[in-house]
Protein chains: 2
Amino acid sequence: MGPLELIALPGLPELHRSDDLASLIAEAAARARLTIADGDVLAVAHKAVSKVEGRVRSLADVVPGPRARELAAGHGKDPRAVQAVLDETAQLLRAERGVLICVTHHGFVCANAGVDASNAGVEDAVVLLPEDPDASARRLRAQLSQRLGARPAVVVTDSFGRAWRHGQADVAIGCAGLAALEDWRGHRDADGRELQATWIAVADEAAGAADLARGKDSREPIVLVRGLERHVTPDDGPGAASLRRPVEEDMFR
Amino acid sequence: MGPLELIALPGLPELHRSDDLASLIAEAAARARLTIADGDVLAVAHKAVSKVEGRVRSLADVVPGPRARELAAGHGKDPRAVQAVLDETAQLLRAERGVLICVTHHGFVCANAGVDASNAGVEDAVVLLPEDPDASARRLRAQLSQRLGARPAVVVTDSFGRAWRHGQADVAIGCAGLAALEDWRGHRDADGRELQATWIAVADEAAGAADLARGKDSREPIVLVRGLERHVTPDDGPGAASLRRPVEEDMFR
């Protein structure tokens, strides 16, 4: 195994709807004298994608319904922000101590359906998850290949809490060209014994690793990950959708 | 932010009870011409720690009780292996489709209470989690500082499944000298707006990143992580215990 290297791209501007994210990434890489190659992975914080896709919602335009008003009153929240969460929610799993744990329309289980007010770039606005983060990753990969003359894989990331652990870790919500899971089940260990349940969430570990390479208070949504060539594929693959555990296998819903 | 670099240490031998893990790590680093410095982090797969601590159990010595025999029959498992799991379990949360989701005596929620038959190094034996992984990390850090003349942080890792996502990601079960959580709650974003719920599980992200740098079929339990200096502390700190969500805050038990 070669070493793994992660470098945050400095100097991306505040992003707006219809900005050409691929060109901005290519320019930032060039300014930092970083060459991006075919086997590289670009981890992209979803807010960068959401903003250029216009997935920012002004709370002034949100009219809270009765359920949102009720939840907001019970949990000390802005009813418009709660309505924005409910609009992204397929199923509300838990509402406790000010936390709403939601299944999003995509099928991700996370707090507030991924709706977030920080780093929105606009007053009184919230950033939503991309409508189809795998499609976003595929689109960005295609555009990057035009701008860069190389075709890195793309992982779109978000910070998710965990059921039984404090804090959040970044995971992959969209993915193109990176095999999200590496399946060693049925393979054998160094002693020739069958490996049990070794099914590695490569894209999630890459997302978490990338998060360590950036500062939360700086504008560094893009992290270049080198050394994952063996997981990078020419085709875009099934994406982060393959990481979602289907309802019928869920023991904790 | 500087770049992050992760390098697996090659060439560790099969480990046995009472082996001097710190010396073996120092020798492997020297052979690979890697200098380990104060601000570095060593991610150590828990099996390396468990083996030198003698936390390997021969199934020939395990007498399954009635509950283990019942669960084994219902889930197609070896009743002795199930008993070994139950012995490490404070609470069995779920037993479904051959998977036992347990709360360990430490308070970790994971499959099979972390008991694993692969890479045990011995026939018909299972590897248990260390009895006190934070203490293991502190001990190893102290020994490493004697062998290396530097005092890297130590993270003891294991692969945990996740409630709503496929695959496993490595997390920190023990930790010394690395601040396991970075708390940005109450801080402000690039626009001066308060960051919401930004509480980063640094030690878990580091554990997952390290997993990407090693091959599952090779003997590479140790990964050197460079670039996390800002999270490395002179004191050992509260360890990975701080990552465990207490029962009273658990919405999914």
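Remember, it's a predicted structure, so these values are computed and weren't measured experimentally.

Parameters and conventions
- Residues numbered from 1 in each chain as written.
- Chains lettered and ligands numbered in written order.
- Predicted model: local features only at pLDDT ≥ 70, side-chain atom pairs only at ≥ 80, totals over all residues.
- Heavy atoms only, no water.
- Helix = DSSP H or I, 4+ residues; strand = E, 2+ residues; numbered from the N terminus.
- Rg over C-alpha atoms; globule rule 2.2 N^0.38 Å.
- Buried < 20%, exposed > 50% of the residue type's maximum accessible area, 1.4 Å probe, protein only.
- Contact = heavy atoms within 4.5 Å.
- Areas by Shrake-Rupley, 256 points an atom, 1.4 Å probe, with all protein chains shown as cover.
- Lys, Arg positive; Asp, Glu negative; His and termini not counted.
- Charge placed at Lys NZ, Arg CZ, Asp CG, Glu CD.
- Buried area = accessible area lost by both parts, 1.4 Å probe.
- Salt bridge = Lys/Arg side-chain N within 4 Å of Asp/Glu carboxyl O.
- Polar contact = N/O pair within 3.5 Å; in protein donor to acceptor, adjacent residues only side chain to side chain.
- Nonpolar A, V, L, I, M, F, W, Y, C, P; charged D, E, K, R; others polar.
- Pairing = 2+ DSSP bridges.
- Axes fitted to C-alpha atoms, helices over the stretch in contact; angles between N-to-C directions.
- Parallel < 35°, antiparallel > 145°, perpendicular 65-115°, else oblique.
- Left-handed = near helix turned anticlockwise from the far one by under 90°.
- Core = buried A, V, L, I, M, F, W, Y, C linked by side-chain atoms within 4.5 Å.

Asker: Mind laying out the overall build of chain A, listing which residues take part and the relevant values?
Answerer: Looking only at helices and strands, one finds six helices and twelve strands in chain A. By the compact-globule yardstick of 18 Å for 253 residues, chain A fits well, its C-alpha radius of gyration being 19 Å. C-alpha atoms of chain A, sized along the principal axes, occupy 55 × 50 × 25 Å. Among the 253 residues that make up chain A, the fraction classed as buried is 59%. Once local pairs closer than 6 in sequence are excluded, the contacts in chain A between residues at least 24 apart make up 61%. Entry remark: accessible area of chain A is about 9800 Å², with carbon and sulfur atoms responsible for 49%. For chain A, the separation between the mean place of its 31 positive charges and that of its 38 negative charges on side chains is 2 Å.

Asker: Outline the interface of chain A and chain B, listing residues and values.
Answerer: Quoted interface sizes are often the accessible area lost when the parts come together. Between chain A and chain B, the contact holds 78 residues from the first and 77 residues from the second. Here chain A meets chain B over a buried area of about 7000 Å², counting both sides, of which 53% is carbon and sulfur. At the junction of chain A and chain B, the tally comes to four salt bridges. Measuring nitrogen to oxygen at the nearest pair gives 2.7 Å for the salt bridge that ties D204(A) to R162(B). Scanning the region where chain A abuts chain B turns up 34 residue pairs in polar contact (both at pLDDT 80 or more). At the level of elements, β1 (4–8), β4 (89–96), β5 (99–104), β8 (153–162), β9 (165–176), β11 (199–200) and α6 (202–212) of chain A are the ones that each hand at least two residues to the side of chain A that touches chain B. Residues that form the side of chain A that touches chain B fall into these classes: 37 nonpolar, twelve polar and 29 charged. Of the strand pairs in this sheet, β1(A) and strand β1 (residues 4–8) of chain B are connected by three bridges, and their pairing is antiparallel. Residue pairing in the sheet places L6(A) in a bridge with L4(B) of β1(B).

Asker: Could you give me a rundown of the pairing of strand β2 (residues 41–45) of chain B, with the residues and numbers involved?
Answerer: Residue and element names in this part refer to chain B. Burial analysis of β2 places five of its five residues in the buried class, the great majority of the element. Along β2, one buried face is formed by V41, A43 and A45 and the opposite face, lined by L42 and V44, is buried too. With five bridges connecting them, β2 and strand β8 (residues 153–162) associate as parallel partners. Along β8, the bridge assignment pairs A45 with T157.

Asker: So what's going on with the side chain of R214(B)? Which residues, and what values?
Answerer: Residue and element names in this part refer to chain B. Residue position: R214 is located in the loop between α6 (202–212) and β12 (222–226). Residue R214 is classed as buried on the basis of its relative accessible area of 8%. Among the polar contacts made by the side chain of R214, one reaches the main-chain carbonyl oxygen of E220 at a distance of 2.9 Å.

Asker: Explain the packing of helix α3 (residues 66–75) of chain A against helix α4 (residues 79–87) of chain A to me, and be specific about the residues and the numbers.
Answerer: Residues and elements named next belong to chain A. For the pair α3 and α4, interaxial distance at closest approach is 8 Å and the crossing angle is 120°. By the criterion of interaxial angle, the relationship of α3 to α4 is oblique. Pair α3 / α4 crosses with right-handed handedness. For the pair α3 and α4, the contacting residues are R67, A68, R69, L71 and A72 in the first and P79, V82, Q83 and L86 in the second. The residue makeup of the contact of α3 with α4, split by class, is six nonpolar, one polar and two charged.

Asker: Can you tell me about the nonpolar core, naming the residues and giving the values?
Answerer: Among the nonpolar cores identified, the biggest contains 58 residues, and L6(A), L178(A), L6(B) and L178(B) are the most heavily contacted of them. Those residues within four positions of L6(A) in sequence are excluded, and the remaining contacts are A209(A), A210(A), A213(A), V223(A), L224(A), V225(A), P3(B), L4(B) and L6(B).

Asker: Explain the sheet that holds strand β6 (residues 109–111) of chain A to me, using residue names and the numbers behind them.
Answerer: Residue and element names in this part refer to chain A. With respect to topology, three strands assemble into an open sheet ordered β4-β5-β6, the strand pairing being antiparallel. What marks the edges here is a single partner per strand, and that holds for β4 and β6. When the angles between neighbouring strand axes are averaged without regard to direction, this sheet yields 25°. Lying over the sheet, α3 contacts β4 and β5, oriented at roughly 25° with respect to β4.

Asker: How would you summarise the pattern of salt bridges if you had to cite specific residues and measurements?
Answerer: Residues and elements named next belong to chain A. A full pass over the atoms with the stated rule returns 37 salt bridges over all chains. Linking D20 and R147 is a salt bridge whose minimum nitrogen-to-oxygen distance equals 3.0 Å. On the criterion of sequence distance, the pair formed by D20 in the loop between β1 and α1 (21–31) and R147 in helix α5 (residues 133–148) is long-range, its members being 127 residues apart. Owing to a relative accessible area of 32%, D20 belongs among the partly exposed residues under this scheme.

Asker: Mind laying out helix α4 (residues 79–87) of chain B, listing which residues take part and the relevant values?
Answerer: All names here are of chain B. Of all the residues in α4, the buried ones are V82, Q83, A84, V85 and L86. Contacts from the buried residues of α4 go to β3 (56–58), α3 (66–75), β4 (89–96), β5 (99–104) and β7 (125–127). Of the residues flanking the start of α4, the one acting as N-cap is D78, its side-chain oxygen 2.8 Å from the backbone nitrogen of R80.

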